[in-house]
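# Understanding the architecture of this molecule
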Amino acid sequence: MKKVYFDHNATTPIHPKVRSAIEPFLGEKFGNPSSIHWAGREVRAYVEEAREKVASLINSDPSEVIFTSCGSEGDNMAIKGVLMGNLKKGRHIVTTVVEHPAVFRTCKFLEDFDFEVTYVPVDSYGMIDPDDVRKAIRKDTVLISVMFANNETGNLFPIKEISAIAKENDIVFHTDAVQVVGKIPIDVKELGVDLLTASGHKFNAPKGIGFQYIRKGVKILPLISGGHQERELRAGTENMLGIVAIGEASQIAKEEMNEKSRHIGYLRDRLEKGILETIPYTVINGHPEKRLYNTTNISFKFIEAEALLVMLDMNGIAVSTGSACSSGATEPSYVLQAMSLDPLCSRGALRFSLGYGNTEEDVDYCLSVLPSLVEKIRKMSPFYKK
Amino acid sequence: MSGGVDSSTTAFLLKEAGYDVFGVFMKLWDSEKSERGCCGLSDSIDALRVAEQLKIPFYVLNLKEEFKTYVIDYFIDEYKKGRTPNPCIKCNLFLKFKILLDKALTLGSDYLATGHYARNVLVNDKNFLYKGIDGNKDQSYFLFNIPQARLGKILFPLGDFKKEEVRIIAEKANLRTAKKKESQEVCFIENDYRDFLMSAGIKGKEGDVLDINGKRIGKHKGYFYYTIGQRGGLNISMGYPIYVIDIVPQKNIVVADREEYLFKKELTISDINLFDDIDEEKFYTVKIRYRHKGERAKIKKIGEKLKIIFESPQRAITPGQAGVIYDEDKVVGGGWIE
């Protein structure tokens, strides 16, 4: 059976160049970068080289890049670390209703410890209004955390504007950029963000590595304390395989971004257009223009997305619904709910996220099986009349 | 696939027989105590690992809403009515052999198979439900109300096996669930159903305990904490053992007395499902609870209901449980005890 992977917002395959780059670290390059001797020095150089490559991808100084284990760690570090580092200033956070659970549930966790959180709403496109962020600011607001792009709809948020609002009010600004880093150009200096969180496996590095941009001068305490690694902001012996990998992946992303975005954007548009043209009662969720070029979230009315996901899987096509619990059961999407979508639409919403490795044949294969699967499920629906 | 040995072996046997198989785990409820955030997480992982071993697709379907409507709400309601519910039968009827079956058919399946110990036999173009050949494990009691037409889409591959044989098959196939313990009877009850009712906000109201002649002999803590046939828990000392004989929810009364009053010869069942015609002259075997061995009885039709007249009195006939009628190993039909 042909296998097609359209779930790159969940994770991506490891780039072959990344794979070759980490191979020596499965063998002779085994040292601890903190060691003084030859084994340590050798690998320390690779850590710093990787840091430079990452910094170059986001136009930061290498000293402002901290390696983490994943996006969730980065989000936790940003939120908890900034609050702990600024307890004298206040205990209030501003964020949005559509953040990834790594931000959303961290905020909920902090509410149990007497921190206060304001959740800014979204409109029916799933977009936030920077003015709502401004209005949510209080005297004791310490942190604003707004995602760069939404994982479910692909919506791109006005980060530069919100960053400026934070600056005017002398508030630390964090953005969860997990869905963006490696996909579109990012310049942290131009954006003016204080903290930016990224995850390696979303851009062709392996799982278990991420990075955090922390602008010089931001008051923050470590989430993991212990040794002196990573400027004493993240203790723990360095994950050499991961660090080398994310460095390599950053370099590839930077070099190939233009060409890749054009190619993947073309495939996404072809898929989207094909679906809208051949399958009736389909709607795109999210903002029509301000969204990532690789993502499309489509509602197939009169069906349960779960059934379509299963049937696509049986045909070798991997897509996803909004959220899944740890057992893998699909849950109603809180992002689509926050957009006040008609339940007929939110129940039948599927996310296709394209990426490196996808081809025109993948898209055409998907378009060749999808209409009949949708029709088959709709035939069983009591609400559907052709 | 529940993550237990029975459904694992069912999937294995079907795969061996050449069927094109995929597995489904039903996510039915969120258990806060045992595993945070997700029901039976370790069970769904066991099921997934068996499916991966068998190289079959596997999906977790979210049926929480449906489970609440058809099983949990019913369960609570029945206790409120002073009855003793049987949630497994409702789950089989609505969740497994209605909603899940419909989903399976939508997904292009020809059959839905489960690991129940029962047989589904085709006689003259009609499907009949029979006891599983393992007399001790037979689960046909829990399946009595599947409509006959739906049986044609259902497979029970384990009905022809004994439990010990199933374990041996599972072990030989190296299924990781081969030695897994039997699951508890009601999956959403952790310890005592009374704790469950309390956590659902159902609080007992004190009331009178009367003896069989209507004499007040004590107080009860709320009628739905009691089950017919139950001994003890009443904290009443009469000088002889007393048992719960009856529950009258409208008056908030529990009737308790000597064990002899628990024995009755007749009962009525309603909401009937029949696979075969009833012969009023004939003696059938009727089971009034899962662990009841079944006793000889005659059946009388009274409108939409059936009256069951046992040859000898039966202990603790409990409203809310099912009365299931057998002719030898064949399930003739059944209904809910009034």
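Residues numbered from 1 in each chain as written. Chains lettered and ligands numbered in written order. Predicted model: local features only at pLDDT ≥ 70, side-chain atom pairs only at ≥ 80, totals over all residues.

### Observations concerning the overall build of chain B
To keep it simple, the criterion reads: The helix and strand labels rest on DSSP assignments: H or I over at least four residues marks a helix, E over at least two residues marks a strand, and numbering proceeds from the N terminus. Both definitions apply: the radius of gyration is a C-alpha atom measure, and the globule rule equals 2.2 Å times residues to the power 0.38. Each residue is classed by its C-beta neighbour count within 10 Å, where at least 20 other C-beta atoms makes it buried, 12 or fewer makes it exposed, and intermediate counts make it partly exposed; the C-beta atoms are placed from backbone geometry. Residues are scored as being in contact if the C-beta atoms we place from backbone atoms lie within 7 Å.
A count of helical and extended segments in chain B gives seven helices and 16 strands. In summary, chain B has a C-alpha radius of gyration of 21 Å against a globular reference of 20 Å for 338 residues, a match within 12%. Taken along its principal axes, the extent of the C-alpha atoms in chain B is 65 × 55 × 35 Å. Looking at chain B as a whole, 40% of its 338 residues qualify as buried. Relative to all contacts within chain B whose residues are 6 or more apart in sequence, the contacts with residues 24 or more apart total 61%.

### Here's the deal with the overall build of chain A
From N to C terminus, chain A includes 13 helices and 14 strands. For 386 residues, the compact-globule formula gives about 21 Å, and the C-alpha radius of gyration of chain A, at 22 Å, lands near that figure. For chain A, the proportion of its 386 residues judged to be buried stands at 49%. Taking as baseline every contact in chain A between residues at least 6 positions apart, the subset at least 24 positions apart corresponds to 74%.

### Regarding the domain arrangement of chain B
Residues and elements named next belong to chain B. Spelled out, the test is: These domain limits were set by an automatic method or by a database of domain assignments. Gly falls in the polar group here, along with every residue not listed as nonpolar (Ala, Val, Leu, Ile, Met, Phe, Trp, Tyr, Cys, Pro) or charged (Asp, Glu, Lys, Arg).
The domain architecture assigned to chain B consists of domain 1 (5–172), domain 2 (204–257) and domain 3 (263–337). Each partner contributes residues to the interface: domain 1 has five residues there, and domain 2 has seven residues. The class makeup of the residues in the side of domain 1 that touches domain 2 is one nonpolar, two polar and two charged.

### A closer look at unusual backbone geometry
Positive phi, normally seen in glycine, also occurs at Glu230 of chain A, with a value near 50°. Phi at Asp271 of chain B takes a positive value of approximately 55°, unusual for a residue other than glycine. Secondary-structure assignment places Asp271 of chain B in strand β11 (residues 263–274).

### With respect to the sheet that holds strand β9 (residues 282–285) of chain A
Residue and element names in this part refer to chain A. As a reminder, the rule being used: The rule for pairing is simple: two strands pair if DSSP sees at least two bridges between them. Axis definition: a line fitted to C-alpha atoms, limited for helices to the stretch in contact. Angles are taken between N-to-C directions and run from 0 to 180 degrees.
On the basis of which strands lie adjacent, the open sheet formed by three strands has the order β9-β10-β14 and antiparallel pairing. At either margin of the open sheet sits one strand with a lone partner, and together these are β9 and β14 (349–353). The average undirected angle you get between the axes of adjacent strands in this sheet is 30°. Across four bridges, β9 lies against strand β10 (residues 295–300) in antiparallel orientation.

### As for the sheet that holds strand β5 (residues 141–145) of chain A
All names here are of chain A. Strands sit in the order β2-β8-β7-β6-β5-β3-β4 across an open sheet of seven strands; the sheet is mixed. Lying at the two open borders of the sheet, with one neighbouring strand each, are β2 (65–68) and β4 (116–120). Across this sheet, the average inter-strand angle for adjacent strands is 20°, counted without regard to direction.

### Brief notes about the nonpolar core
The test is simple: As used here, a nonpolar core is made of buried Ala, Val, Leu, Ile, Met, Phe, Trp, Tyr and Cys residues. They are joined through C-beta atoms within 7 Å.
Core analysis: the biggest nonpolar cluster contains 189 residues, and Leu143, Ile144, Ala245, Ile246, Leu308 and Leu350 of chain A together with Ala256 of chain B have the highest contact counts within it. Per-element accounting of this core gives the leading share, 12 residues, to helix α9 (residues 240–278) of chain A.

### Overview of the environment of Asp140 of chain A
Tracing the sequence through the fold places Asp140 of chain A in the loop between α5 (130–136) and β5. Setting aside residues no more than four positions away along its own chain, Asp140 of chain A makes contact with Lys89, Gly90, Arg91 and His92 of chain A.

### Some points on the environment of Gly222 of chain B
Residues and elements named next belong to chain B. Mapped onto the elements of the fold, Gly222 is located in the loop between β8 (216–220) and β9 (243–248). The spacing of Gly222 and Glu206 is 16 residues in sequence and 5.1 Å in space, taken between C-alpha atoms. Apart from residues no more than four positions distant in its own chain, Gly222 is found in contact with Lys203, Gly204, Lys205 and Glu206.

### As for the interface of chain B and chain A
Across the boundary between the two partners, chain B contributes 13 residues, which contact 15 residues of chain A. The set of elements that each furnish at least two residues to the side of chain B that touches chain A consists of α2 (41–54), β2 (58–62) and α4 (87–106) of chain B. Sort the elements by how many residues they give to the side of chain B that touches chain A and β2 of chain B lands first, with four residues.

### Quick look at the confidence of the model for chain B
All names here are of chain B. Formally: The score called pLDDT rates the predictor's confidence residue by residue, from a low of 0 to a high of 100.
Residues with a pLDDT of 70 or more make up 97% of chain B, whose mean pLDDT is 92. pLDDT under 50 marks residues 32–39. Its contacts with residues more than four places away, or in other chains, come to 16 contacts. Here the prediction assigns the complex a pTM of 0.88, and the interface score ipTM is 0.83.

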